[in-house]
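Listed below, chain by chain, are the residues.
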Amino acid sequence: MLRDLMEIYTTIVRAVPELVLILLLYYAGTDLINRGLESLGYAAIDINGLVAGIAVLGIVQGAYATEVIRGAILAIPQGQIEAARAYGMPPGKMLRRITLPAMLPFAIPSLANLWLIATKDTALLAVVGFNELTQETRQAGATTKAYFTFFVAAGVLYLLLTLFSNVIIGRIERWARRGMPPVAEAGR
Amino acid sequence: MTTAADAHPIEASRSAWLQPHRIVLIGIALALVACAVLFLRWEWLPAYYDLALLGIWRTIWILVVTSVLGFLLAVPLGLAQAAGPFWLAWPAKAFCTVVRGTPLLLQLWLLYYGLGSLFPQFPWIRQSELWPILRQAWPYAVVALTLSYAAYEGEVMRGAFAGVPRGQLEASRAFGMSPWKRFRRIWLPQAIHRALPTLAGETVLQLKATPLVATITVIDIYAVASRVRQDTFIVYEPLLLLALIYLVITGIIVFAFRKLEARIPSRLG
């Protein structure tokens, strides 16, 4: 039952464009919350754009990350889990000691990818009027008429963020893969 | 239970799929759809019917054109990175990194607002025959989406080109094939075959990138939904319908790529 519900959630969220989801959750979500509050007798609250944006991106990223982690858990050699069970580990300990550490090397490249997508998805919040980098850039460009300069500068900022993330991710990946054979050349 | 499953594998899988809770779920889903049809306001639909069809058509058109052009660009990009000399590999790598490292929305606005504001300053561009095209929004949308698809797909093709077994290329060389024939008959088909599943995913991502063109005044299906919202102040219904349309198009893309994959006899070793 829960599995089916989760599958529906990940399928729908991954099939609908982020932009539509952001609009749907941003407008409809805040509206629904306010209506719910009003019907319960509370005053409508003004939902902070930051909070709504974080919630929306969280829901979207959650769906992608779910699939990544599912695949990573499936990629763990069955023998390791069987060995853990043979040692008589309780499920909680098995999760903490075997499943999560063994899953990480498989999950981290995709999770890193998701992180990079998330940094760029924040630009989509510009569409709902949220003042992040892209929206500010456009306003600055509109005031000064120097669109090109400002957009190139913003692009460089995003690029720096990405390159910096790549360095950090490389470190984390090396840490997660400790004790494992080096990656084959084809994967790089 | 296990013996029955062993004896009738097909029947077992069907009964496993139609478990009671799934029937309940399907019932809830149908009830939700019925509620949506009965209780939400759909009276705006006839007035915007033609516009919506035009929007769907334009979305699909942009998706197909940018995917095909992007893929054609991605093949040389991938090849340059996988096997090219450094003066080809470096620019290709730099292009992929820059495009993949900046948001598509930013690239789109850079092209449309940035280049679009630079072009009119040059009289020879204004007087050229291309000006009527450059004044419209869709060329910028197509260029931005194509470059983005090419960059992402270039990375995929690089891996695919590098992943073709060395023995295959050596065998084709032993047959005395010319380099071009070797590329056309051995290297490219195998690389595409390897890249196909990823290609399907990238195409779905490309579909989900198309609504961004609405921000530069191209009327796709997303822009139609926004206009309905602005005109009639109906918020939920257009967005729900929009989500449904994208779901259907995604389904079609995934199905088409499945068919394509099934056509190729595969025994990847």
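Residues numbered from 1 in each chain as written. Chains lettered and ligands numbered in written order. Predicted model: local features only at pLDDT ≥ 70, side-chain atom pairs only at ≥ 80, totals over all residues.

Turning to the overall build of chain B, a few remarks are in order. Each helix and strand in chain B was counted, giving 13 helices and 0 strands. Listed N to C, the secondary structure of chain B is α-α-α-α-α-α-α-α-α-α-α-α-α in terms of helices and strands. Relative to the compact-globule value of 18 Å for 269 residues, chain B shows a C-alpha radius of gyration of 24 Å, a clear excess of over 25%. With respect to the principal axes defined by its C-alpha atoms, chain B has extents near 75 × 65 × 30 Å. Taken across its 269 residues, chain B has 32% of its residues classed as buried. Taking the contacts inside chain B whose residues are at least 6 apart along the sequence as the reference set, 77% of them involve residues at least 24 apart. (Helix = DSSP H or I, 4+ residues; strand = E, 2+ residues; numbered from the N terminus. Rg over C-alpha atoms; globule rule 2.2 N^0.38 Å. Buried ≥ 20, exposed ≤ 12 C-beta atoms within 10 Å, placed from the backbone. Contact = placed C-beta atoms within 7 Å.)

With that settled, consider the overall build of chain A. Of the regular secondary structure elements, chain A holds 7 helices and 0 strands. In chain A, the succession of helices and strands from N to C terminus is α-α-α-α-α-α-α. Taken over the C-alpha trace, chain A has a radius of gyration of 21 Å; the compact-globule value for 188 residues is 16 Å, which it surpasses by more than 25%. Each principal axis of the C-alpha distribution contributes one length, and for chain A these read about 65 × 50 × 25 Å. The 188 residues of chain A split such that 20% are buried. If you take every contact in chain A between residues at least 6 apart in sequence, the share linking residues at least 24 apart comes to 67%.

Let us now look at the nonpolar core. Val20(A), Ile22(A), Leu105(B) and Met157(B) are the most contacted members of the largest nonpolar core, which has 80 residues in total. Excluding residues that lie within four positions of it along the chain, Ile22(A) makes contacts with Val56(A), Leu124(A), Leu125(A), Val127(A) and Val128(A). In this structure, Ala72(A), Met103(A), Ala107(A) and Ile108(A) belong to the second largest nonpolar core, which totals 5 residues. (Core = buried A, V, L, I, M, F, W, Y, C linked by C-beta atoms within 7 Å.)

This brings us to the packing of helix α2 (residues 18–39) of chain A against helix α3 (residues 49–75) of chain A. Any two packed helices are characterised by the angle at which their axes cross and by the distance between the axes. Residues and elements named next belong to chain A. Contact geometry for α2 and α3: axes closest at 10 Å, N-to-C directions at 130°. Judged by the inter-axis angle, α2 sits oblique to α3. Of the two possible hands of crossing, α2 and α3 adopt the one that is right-handed. The residues of α3 that touch α2, namely those facing Glu18, Leu21, Ile22, Leu25, Tyr26, Gly29 and Thr30, are Ala52, Val56, Ile59 and Val60. Looking at the contact of α2 with α3, its residues break down into 8 nonpolar, 2 polar and 1 charged. (Axes fitted to C-alpha atoms, helices over the stretch in contact; angles between N-to-C directions. Parallel < 35°, antiparallel > 145°, perpendicular 65-115°, else oblique. Left-handed = near helix turned anticlockwise from the far one by under 90°. Nonpolar A, V, L, I, M, F, W, Y, C, P; charged D, E, K, R; others polar.)

Take the packing of helix α4 (residues 78–86) of chain A against helix α5 (residues 91–121) of chain A next. Residues and elements named next belong to chain A. It is the contact of α4 with α5, at a shortest axis distance of 11 Å, that shows an interaxial angle of 170°. As judged from the angle between their axes, α4 and α5 are roughly antiparallel. Across the interface between the two elements, Gln80, Ile81 and Ala84 from α4 touch Met94, Ile98, Thr99 and Ala102 from α5. Of the residues that constitute the contact of α4 with α5, the class distribution is 5 nonpolar, 2 polar and no charged.

Before going further, it helps to spend a moment on unusual backbone geometry. Phi is positive for Thr217(B), close to 70°, though the residue is something other than glycine. Secondary-structure assignment places Thr217(B) in the loop between α11 (179–209) and α12 (221–232).

Our next topic: the interface of chain B and chain A. Contacts between the two partners involve 30 residues from chain B and, on the opposite side, 33 residues from chain A. Among the elements of the structure, α3 (20–39), α5 (86–101), α6 (104–118), α9 (138–163) and α13 (236–263) of chain B are those that each provide at least two residues to the side of chain B that touches chain A. By residue number, the principal contributor to the side of chain B that touches chain A is α6(B), which donates 8 residues. Grouping the constituent residues of the side of chain B that touches chain A by class yields 20 nonpolar, 8 polar and 2 charged.

Let us now look at α4(A). Taken across its 9 residues, α4(A) has 0 buried, putting it largely on the surface. Where α4(A) terminates, the next one or two residues include Gly88(A), which has phi positive at roughly 80°.

On average, residues of chain A score 80 in pLDDT, and 93% of them reach the 70 mark or higher. Taken as a whole, residues 184–188 of chain A scores under 50 in pLDDT and shows 3 contacts with residues more than four places along the chain or in a different chain. (pLDDT = per-residue confidence, 0-100.)

A word on the environment of Ala118(A). Relative to the elements of secondary structure, Ala118(A) occurs in helix α5. Apart from the residues within four sequence positions on either side, Ala118(A) is in contact with Leu57(A) and Gln61(A).

Quick look at the confidence of the model for chain B now. All names here are of chain B. Put simply, chain B has an average pLDDT of 83, and 91% of its residues get 70 or more. Across chain B, element-level confidence peaks in helix α4 (residues 49–83) with a mean pLDDT of 91 and bottoms out in helix α1 (residues 2–7) with 44. Contacts for the low-pLDDT stretch residues 1–8, under 50 throughout, to residues beyond four places or in other chains number 2 contacts. Our summary of model confidence lists the complex with pTM equal to 0.78 and ipTM equal to 0.70.

Within the element layout of this structure, Glu38(A) appears in helix α2. For Glu38(A) and Ala126(A), which are 88 residues apart along the polypeptide, the C-alpha to C-alpha distance reads 29 Å.

Residues and elements named next belong to chain B. Mapping Ala150 onto the fold places it in helix α9. Taking the number of C-beta atoms within 10 Å as the measure of exposure, Ala150 has 25 and is therefore buried. For the pair Ala150 and Phe71, spaced 79 residues apart in sequence, the C-alpha to C-alpha distance is 5.9 Å. Not counting chain neighbours up to four residues away, the residues in contact with Ala150 comprise Gly70, Leu73, Ala74 and Leu77.

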